[in-house]
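# Chains, contacts and geometry: an overview
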Amino acid sequence: MTDWLTWTVVGVGLVALVVVAVALVRDQEPQDRTFALLAGYELVVLVQLVVGCVLLARTDRDVEGVLFVSYLVGNCFALPVGVFWSLAERTRWGTAVLGVAVLTVVALQLRLETIWGGGA
C-alpha cells in the first residue's frame, strides 16, 4: 500500500473520531454534518479498495491476496453498517456506534499495513 493513502485513511479517521467524541461529550444525537463527514470518509476508503486491488495485482510481494482483499472489503462495510445502526438508534448511543465504526476502520487499516508488509 502507499504510505500517503494509509495515513490519509488514518488521519481522516482521527478527525472523524474527534468530531464523534465532541458530539458524545455534548450528549448529541448523530447530526447530518457527521454523516456527511463519514460519507467523505467512505469515499476515501473506497478509493483505497480500488488502489489496493490494483497494487495487489501488480506486486511481487508475498501478500496473502484473499486475506488482503477481505480486509479491504470489510473496511468498506464498517462505516455503512455503523451509519445504519446509528440511524436506527437516534440517541447519544447512536453517536457512540459511529465512534466504534470509525475505530474499526482505523484498526482494519493498520492491520492492512501489516498484511501488506508480509506479516499475515
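Quick look at the structure, then. (Residues numbered from 1 in each chain as written. Predicted model: local features only at pLDDT ≥ 70, side-chain atom pairs only at ≥ 80, totals over all residues. Heavy atoms only, no water.)

## Overview of the overall build of the chain
Summing up its helical and strand segments, the chain has four helices and zero strands in all. N-terminal to C-terminal, the α/β element order of the chain is α-α-α-α. Each principal axis of the C-alpha distribution contributes one length, and for the chain these read about 50 × 25 × 20 Å. Across the 120 residues that make up the chain, the buried fraction comes to 37%. In the chain, 79% of the contacts between residues at least 6 apart in sequence involve partners at least 24 apart. Accessible surface for the chain amounts to roughly 6,500 Å². Of this, 68% is attributable to carbon and sulfur atoms. Computed over 7 positive and 10 negative side-chain charges, the inter-centroid distance for the chain is 6 Å. (Helix = DSSP H or I, 4+ residues; strand = E, 2+ residues; numbered from the N terminus. Buried < 20%, exposed > 50% of the residue type's maximum accessible area, 1.4 Å probe, protein only. Contact = heavy atoms within 4.5 Å. Areas by Shrake-Rupley, 256 points an atom, 1.4 Å probe, with all protein chains shown as cover. Lys, Arg positive; Asp, Glu negative; His and termini not counted. Charge placed at Lys NZ, Arg CZ, Asp CG, Glu CD.)

## What about the nonpolar core?
Counting 17 residues, the largest nonpolar core has Leu38, Tyr41, Leu79 and Val105 as the members making the most contacts within it. For this core, the elements supplying multiple residues, two or more each, are helix H1 (3-25), helix H2 (32-58), helix H3 (65-88) and helix H4 (92-116). Residues contacting Leu38, with those up to four places away along its chain left out, are Ala16, Leu79, Val83, Leu98 and Val102. In this structure, Leu5, Leu72, Leu112 and Trp116 belong to the second largest nonpolar core, which totals eight residues. (Core = buried A, V, L, I, M, F, W, Y, C linked by side-chain atoms within 4.5 Å.)

## What to know about the packing of aromatic side chains
The full count for this structure, using the stated rule, is one aromatic pair. Seen from their ring centres, Phe68 and Trp116 are 5.2 Å apart, and the 40° between their planes marks the pair as tilted. Residue Phe68 is located in helix H3, and its partner Trp116 is located in helix H4; the two are separated by 48 residues in the primary sequence. Each member of the pair Phe68 and Trp116 is classed as buried. (Phe/Tyr/Trp six-rings, centres within 6.5 Å; stacked < 30°, edge-to-face > 60°.)

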